[in-house]
Each structure stands twice: as C-alpha cells, then as structure tokens.
Amino acid sequence: MESCNCIEPQWPPDDLLMKYQYISDFFIALAYFSIPLELIYFVKKSAVFPYRWVLVQFGAFIVLCGATHLINLWTFTVHSRTVASVMTTAKVLTAAVSCITALMLVHIIPDLLSVKTRELFLKNKAAELDREMGLIRTQEETGRHVRMLTHEIRSTLDRHTILKTTLVELGRTLALEECALWMPTRTGLELQLSYTLRQQNPVGYTVPIHHPVINQVFSSNRAVKISPNCPVARLRPAGKYMPGEVVAVRVPLLHLSNFRINDWPELSTKRYALMVLMLPSDSARQWHVHELELVEVVADQVAVALSHAAILEESMRARDLLMEQNVALDLARREAETAIRARNDFLAVMNHEMRTPMHAIIALSSLLQETELTPEQRLMVETVLKSSNLLATLINDVLDLSRLEDGSLQLDLGTFNLYAVFREVLNLIKPIASVKKLHVSLNLAPDLPEYAVGDEKRLMQTILNIVGNAVKFSKEGSISITAFLAKLDTLRDSKAPEFLPVLSDNHFYLRVQVKDSGSGINPLDIPKLFTKFAQNQSTGTRNSGGSGLGLAICKRFVNLMEGHIWIESEGLGKGCTAILIVKLGMPERVNESKLPYKPKMPTNHGQTAFPGLKVLVMDENGVSRMVTKGLLLHLGCDVTMVGSSDECLRLVSHEHKVVFMDICVPGIDSYGITTRIHEKFTKRHERPLLVALTGNTDKVTKENCMRAGMDGLILKPVSLDKMRSVLTDLLEHRVFFEAI
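Just so it is clear, the model here is predicted, and its values are computed rather than measured. Position labels on residues start from 1 in each chain and follow its written sequence. Totals for whole chains, interfaces and linings use all residues, but because this is a predicted model, local features are given only for residues with pLDDT of at least 70 and pairs of side-chain atoms are given and counted only at 80 or more. Only hydrogens and water are set aside when side-chain values are computed; all heavy atoms of the structure are taken into account.

Looking at the environment of G575
Thinking step 1. Secondary structure counts use DSSP, requiring at least four H or I residues in a row for a helix and at least two E residues in a row for a strand, with both numbered from the N terminus. With respect to the helices, strands and loops of the structure, G575 is situated in the loop between β12 (564–569) and β13 (576–585).
Thinking step 2. When accessible area is computed with a 1.4 Å probe and restricted to protein chains, residues below 20% of their type maximum are described as buried, those above 50% as exposed, and intermediate ones as partly exposed. Taking relative accessible area as the criterion, G575 reaches 2% and is therefore assigned buried.
Thinking step 3. Along the primary structure G575 and D516 are separated by 59 residues, whereas in three dimensions their C-alpha atoms are 5.6 Å apart.
Thinking step 4. We call two residues contacting when some pair of their heavy atoms lies within 4.5 Å. Leave out the neighbours within four places in its chain, and G575 touches D516, S517, G518, S519, G520, S569 and E570.

Below, the structure written as structure tokens:
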C-alpha cells in the first residue's frame, strides 16, 4: 500500500506559471511588432492616406510596447504565487487580445483606407463642382450683361446711337472710369478719337494706325491689356493715384465694296476700330477673365450692329435714289403714254381725214376714167389715179408702221392660195413695167404648195413692195421673181445670226428672190435700206419718189412671220437681188370653208350696172357722201343720202337692199344704229344689208362691226371697180368683210 507509484509533474507549478508568462510575453511582442508592419505595408500600398504622421506615432508606440515586453523576458524574478497567477492570467489575456487585434487589422485597415480614399475623392469632386458652379454663375452673369448690352446696342440702327450706348452700358456694367472708341480716318492712316464716356465732343486726337500697341491689338481677336501710358489710353487727367489697368479690343468694321457711307472711310480692305476701357485709378481692381470675355463679346455685337447700320444707311440712300428714279420714270411713262395717246388720236383723226379726201379723189378719178376722154385727158386722169394710189399706199405704210412699233399689229392667219398671190402681184406690176419696157418673169417651183396658212395680205404687200422697188429703180432690162421651198442649208445667213429657223412637218419656209438689172446699191449702204425714212442717195434716185418706209415695214412684216429679209448687190450699176424667207403653215386639207374670207369673184365686165338697186348712204361728210353716191349712180343704183342717224332710221325701209354707213362720224354711234335697224326689221330677208365704210385700219374695228351685226366692211378710198366688186359679192354671198 505504501509502495504505490505517484507520477510527479514534469514542471513545478511555479515554474509552469513562469513558462506561461514567458510564452505570453513573446506572443504579445510578436503581435505588437506585426501591427506597425501591417500599417507600413498598407500605407505604402495606398495612393492617398490623410493620417500618415498619426500612424507613424501609433506605430512607434506599439513598437515601444512590444520592445518593453520583449525586454521583460530577461527581467523575470520570483514572485509570490498569487502575483504570479495574476500576472500569468493577465499576460495570457493580453497575448490573446493582441494576436486577435493583429489578425483583425489585416481585414479592417484596407476598409479604413478605402473609406478615407473615397472621402478624399468626394471632397475633391465637391471642390471641383464648386469651381464649376462658380464658373457657370460667372458665365450666366456675363451672359446676362451681354444680353442686356446687346439689347441696348441693337435697339437702334443708328450708328451714332449704337456707339454711344455701347460706351455708356459698358461703363455702367464694369464700373469703368473711362471708355473710348477710336475710328479710322478716311485716309486709313490714322485713328481718330470719335466717342468717349466722359467727354462730350472729343476732337483733335489722332494716333498713327501703325503704332506697335495698335498693331498688337489689331492682330488679335481677344481683349489685350495695354500700358496706361499708351497714346490711346492717355485720356484721363493725371492724379496722385496709380492709373488703373487698361484693356483694348478691336471692333471689325463692315467690308465695303459697293457701299459708300457718307462720312465713313472708303473701305477696300478690312479695317478695325479700337475700343479702350480703363478701370478706376483709386482702386486695386484687376481685370477678371469673365470681364474680358464680356468685352470681347460686346465688341463682336457692336461690329454686327454697325454692319447692319451701314447696310441700312446704304439701303435708305439707295431707296431714296430709287424713289427719285421711280418718280422720274413715272413722269416719263406718263409723258410717253400721253404722247402715245396723242399719236393714236392724231393717227385716228388723220386716218379718217386723209382717207376721206383720198376716197373722193380716187372715186372721182375712176368715174372720170369711165367717160369719153381725149388721150391727153386720159393720161392726166391716169396720172392723178396713180398718184392717189401712191399717196394711199403711203398712208397705209405710216399707219402700219405705228402699229408695228407699239406691238398692236397682229397677223391675220388663214388659208389662202399661194399661187394666186404671185399671179396677182404679177398682174398689178405688169402695167407699170410695160410702160418702162421691162420684162417681168415669174418662176414658181414645182414642189411649192398651192395652199398655205398665213397672212395673205401682209405677204402680198411685202412681195409687191419688193417687186415695186425693183421696177422703180430699173430703167431697162428684166426683173425675175422666183419662189421655192427653202432647204435647211439655204436658210442660214451668216449676216443674221439671230435668225434660227426650225423645220417641222406642219410648217415650211418660203424663199422669194426678186432680181433686177437696175442701178444697184453700194454694199455699205445696204444696212440703211431697212431704216425708216432713210433712202439710198448713192443710186441717183432722189427724184424716184417714195417715203423710205417700204422696206422698213417689209422687214417688220417678215419678222412677224418668223422670217428674214436681206438685199445683195455687187455695187452700183450691177443690179441687186432682194431675198425674203417667211414661215408658212401647211393646211390640213384644202377646204374653201376654212378660208378667212370669201374669195373675190372675178369682175364681170359685162355687168357694169345694178339697175334699180335701192341703196341708202349715211355719211356726215358731204363730199364723201356725194362721191359714194356718184359711184353708186354710175353703177345704176337708186341712191338715198342722209347725214344723221335719226334720219337714217326714219328713212330706211325694206325696199332698201344695201345701207352704207360711215362708222367714223363724230357724235354718231354707228354700232347702236346697227342694233336699232336689226330691231326694226325682225325678219332677216326684209332687212337691208348693212355695210360699214371706214378709214380705220384697226382690226378691232372689224371685230366691232361683226359683233354689232353688220354684213360687210370696206375701207376707204373706194374706186369704181372696187364698189362694183363689193356689190357683186354682197348680192351673191350677202357678206363681204375686207381684210384689215
């Protein structure tokens, strides 16, 4: 029993406590040393950490604590058991807490670092936003000032008001001591002080435009700070304070090329004005960026407003000039209209007044020609009749020319027999040619159409005029008339580039050549032949008669027919050739119903009288009335004459077959008389035929006659043969309208 084996502990209790304290001090020291190492690592890895010195101090404290415990390993002494137990427990707990803290710092410190970094980032962002908000507020303020200044500047388009307003508003907005504007002189070599903020009438201040400071400002589009001692800045009186900062900016002026402002320089190149702004002398103010921007923007707005003002000034001046020109043009137009009305009235009166005596001369001459005359008397009567016809032709030419010039003459298109036109021209010209013993030949091409669409009267008048000239200026020899279809290669004339013919299926070009063996023409005088009232004096034809209107009218007729006319001659004594080309239409089919007027029936010389035909003649002119009566009496008619419309309405009856009335009688409404006669005779076969006698060649007259219900119209003068033909057509066809 006494011999039982007891196992004694390997370490005594006191030594075991000491061992625990020793191990605890080691781990405490290890934990203390690891914490600063961790802090150093994370501080090194972090880009930004705000508490570097605090961490250094905390690390130093931890290191010292660890060093203290580490040193304590070599300073152990024997304590009482109670003290040893307490120290062991405390050190074990301290070692555990220190190790746990060291391990926790590994996870906590990165989070703390990220929080601090985020906080610093947010602070930087907040500061940046504050700066941006300040810039925005500055820009808004600058914009508000710009809008206010722009509104004030551009509220008027007077350049003096614009510039003065600019200086006043800039001075008020920026609290300036002085603000001035220098404008270039007319020579462009100097700048002249034109406007200031404080001085009322600045005069006499000029600065050379090539001054270095001015060149510096003009070479930049920004506001430039300049020295207060610069010539353009020495505007304020010297004082005891240092002068404030000065800024200058250029103001572009309108580039003028066609404009010319009254008292501005003539700007052929780009020029600038100079605006100078001065801060007060008794303050320490400096120019801020937003103020400089405000000045630059205002300078641009002033440039725009000045350009608008310059354009307005020029446009106002141009408007005044245009108004003056319009007044002058309106006066000239009224004078021209008055002259045209006077000319038309004169022509209308002269047309009637000249044709009325011509009617008497030609009618009485034709009546006299029908009587028994001696050869000498017949020759005199024929001479009078030819001279009268020549005078009638001159009257027609003058009237046609006036209507051609004012554009009132139009072609009377219709289907006609082209061959008959040439035969009639030949029949009219042969008697005159036979007297001069000239041989006249007519050659019509086989492919020439028999019928064509055009103005028969104007075409015949043109051809007859050309052939008449050939007969007039030829003393001997022959005259040939050739007509054929013009081919495209023969249409072009190098002397007339404006004539551009175009061939088509519905039209053709007629070429007529009239060649004579007469006196010829100097080639230099040919262009004068188509000028009105101009005659060629080199041909020795001063006494050949004529007015110089024939070819001028022919040229206008040909132009109306989209053609061309010219004359060729090799010189004096070698004859000449007149050539005309006119455009005519191709009829769809030959049908007499499409003819514009009834074809004239050949005169039946066997029927020389209309015995018992009762005719009523109304004419205010006694001579004309007697002449018309003489023609009708010679034809065997029973004639009643009246001089007024009332008398005509009272005497007209169903026994009268024809009523001739002069529609150009002043104070008589011939169209109204026609209507009343229609009302008087309700049955058409009982109503007499109403025929207008007129000297007016206006186409409107014919239309009015047809509209009023007249059955015919004839132009004065009227010969015996013409009256016989008219009565024949009226009695056979009950209608006769002479072409106008």
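With respect to the pattern of salt bridges
Thinking step 1. Salt-bridge detection follows one rule: a side-chain nitrogen of Lys or Arg within 4 Å of a carboxyl oxygen of Asp or Glu. Counted according to the given criterion, the structure contains 15 salt bridges.
Thinking step 2. Between K125 and E128 there is a salt bridge whose closest N-O contact spans 4.0 Å. On the criterion of helical spacing, the pair formed by K125 and E128 is a turn pair, its members being 3 residues apart in helix α3 (residues 81–153).
Thinking step 3. A relative accessible area of 38% places K125 in the partly exposed class.
Thinking step 4. With a relative accessible area of 32%, E128 lands in the partly exposed category.
Thinking step 5. A salt bridge links D638 to K614; the nearest nitrogen and oxygen atoms lie 3.1 Å apart. Of this pair, D638 sits in strand β15 (residues 638–642) while K614 sits in strand β14 (residues 614–618); the two residues are 24 residues apart in sequence, bridging distant segments of the chain.
Thinking step 6. In this structure K614 comes out as partly exposed when scored by relative accessible area, which is 22%.
Thinking step 7. Through salt bridges with shared partners, a single network forms among D330, R333, R334 and E337.

Details of the UniProt feature "binding site: ADP" (unreviewed entry) in the chain
Thinking step 1. UniProt positions are given in the numbering used here, feature names are shortened, and annotations may be inferred rather than shown by experiment. UniProt's entry tags N469, A470, V471, K472, D516, K532, S547 and L551 with the feature "binding site: ADP" (unreviewed entry), counted in the numbering of this structure.
Thinking step 2. Here A470 is to be found in helix α9 (residues 456–472).
Thinking step 3. The exposure class of A470 is buried, given its relative accessible area of 4%.
Thinking step 4. With residues up to four places along the chain from it excluded, the contact list for A470 reads I479, V514 and D516.
Thinking step 5. You can call L551 buried: its relative accessible area is 14%.
Thinking step 6. Not counting chain neighbours up to four residues away, the residues in contact with L551 comprise N465, N469, L529, F530 and I567.

Some details on the environment of L30
Thinking step 1. Summarising the element assignment, L30 is placed in helix α1 (residues 13–45).
Thinking step 2. We classify L30 as partly exposed; its relative accessible area is 46%.

A short note on the sheet that holds strand β5 (residues 246–252)
Thinking step 1. For two strands to pair, DSSP has to find at least two bridges joining them. Reading across from one edge, β3-β2-β1-β6-β5-β4 is the order of the 6 strands in this open sheet, with antiparallel pairing throughout. The open sheet has two free edges, formed respectively by β3 (206–208) and β4 (224–226), since each of these has just one partner strand. The sheet shows a mean angle of 30° between the axes of neighbouring strands, taken without regard to direction.
Thinking step 2. Across 3 bridges, the pairing between strand β2 (residues 190–196) and β3 is antiparallel. Residue pairing for β3: E190 is matched across the bridge by P208.
Thinking step 3. Sitting on the sheet, helix α4 (residues 159–174) is in contact with β1 (178–184), β2 and β6 (272–278), with an inclination near 70° to β2. An axis is simply a line fitted to the C-alpha atoms; with a helix, the fit covers only the stretch in contact. Between two such axes, the angle follows the N-to-C directions and lies from 0 to 180 degrees.

Focus on the environment of V381
Thinking step 1. Within the fold, V381 resides in helix α7 (residues 375–405).
Thinking step 2. When its relative accessible area of 8% is taken as the criterion, V381 is described as buried.
Thinking step 3. For the pair formed by V381 and Q369, sequence separation is 12 residues and the distance between their alpha carbons is 6.6 Å.
Thinking step 4. Apart from the residues within four sequence positions on either side, V381 is in contact with S365, L368, Q369 and L373.

Here we look at the nonpolar core
Thinking step 1. Put simply, a nonpolar core is a bunch of buried Ala, Val, Leu, Ile, Met, Phe, Trp, Tyr and Cys residues held in one set by side-chain atoms that sit within 4.5 Å of each other. The biggest cluster of nonpolar side chains holds 44 residues, and the ones touching the most others in it are L418, L510 and I567.
Thinking step 2. Elements represented by at least two residues in this core include exactly α8 (418–435), α9, β10 (478–485), β11 (507–516), α11 (550–560), β12 and β13.
Thinking step 3. In this structure I567 touches I521, I526, L529, F530, L551, C576, T577 and A578, once residues within four positions along its chain are discounted.
Thinking step 4. One finds I162, L174, Y195 and A223 within the second-largest nonpolar core, a separate group that totals 31 residues.

Considering the UniProt feature "binding site: Cu cation" (unreviewed entry) in the chain
Thinking step 1. The UniProt entry lists C65 and H69 under the feature "binding site: Cu cation" (unreviewed entry), expressed in the numbering used here.
Thinking step 2. Along the chain, the position of C65 falls in helix α2 (residues 52–71).

A short note on the packing of helix α12 (residues 622–634) against helix α16 (residues 720–733)
Thinking step 1. Interaxial distance between α12 and α16 falls to 10 Å at its minimum, and their mutual angle equals 65°. The orientation of α12 relative to α16 falls into the category roughly perpendicular. The handedness of the crossing between α12 and α16 comes out as right-handed. Across the interface between the two elements, T628, L631, L632 and H634 of α12 pack against L720, M723 and L727 of α16.
Thinking step 2. When its residues are assigned to classes, the contact of α12 with α16 shows 5 nonpolar, 2 polar and no charged. Relative orientations are named as follows: roughly parallel for angles under 35 degrees, roughly antiparallel for angles over 145 degrees, roughly perpendicular for angles from 65 to 115 degrees, and oblique for any other angle. Note on convention: near helix rotated counterclockwise from far helix by under a right angle means a left-handed crossing. Clockwise means right-handed. For this classification, the nonpolar set comprises Ala, Val, Leu, Ile, Met, Phe, Trp, Tyr, Cys and Pro, the charged set comprises Asp, Glu, Lys and Arg, and every other residue, Gly included, is treated as polar.

A word on the sheet that holds β15
Thinking step 1. Strand order in this open sheet of 6 strands is β15-β14-β16-β17-β18-β19, and the pairing throughout is parallel. The sheet is open, and its two edges are formed by β15 and β19 (736–737), each paired on a single side.
Thinking step 2. In this sheet, strand β17 (residues 689–694) lies alongside strand β16 (residues 658–662) in parallel orientation, the contact comprising 5 bridges. In the sheet register, V658 faces β17, and the bridge partner there is L689.
Thinking step 3. Each of β14, β15, β16 and β17 is contacted by α12, which is oriented at about 170° to β15, the strand it contacts most.

Thoughts on α16
Thinking step 1. Between its first and last C-alpha atoms α16 spans 20 Å; for 14 residues at 1.5 Å apiece the expected length is 20 Å, and the two agree.
Thinking step 2. Within the sequence span of α16, burial applies to L720, M723, R724, S725, V726, L727, T728, D729 and L730.
Thinking step 3. R734, located one to two residues past α16, shows a positive phi value of around 60°. Residue count minus one, scaled by 1.5 Å, sets the expected span of a helix.

Structural notes on the packing of α8 against α9
The description of two packed helices rests on the angle between their axes and on the distance between the axes.
Thinking step 1. Packing of α8 against α9 leaves a shortest axis separation of 10 Å and a crossing angle of 30°. The orientation of α8 with respect to α9, classified from their angle, is roughly parallel. The element α8 and its partner α9 pack so that their crossing is right-handed. Residue-level contacts link L418, V421, F422, E424, V425, L428, I429, I432 and A433 of α8 to E456, L459, M460, I463, L464, V467, G468 and V471 of α9.
Thinking step 2. Grouping the constituent residues of the contact of α8 with α9 by class yields 14 nonpolar, 1 polar and 2 charged.

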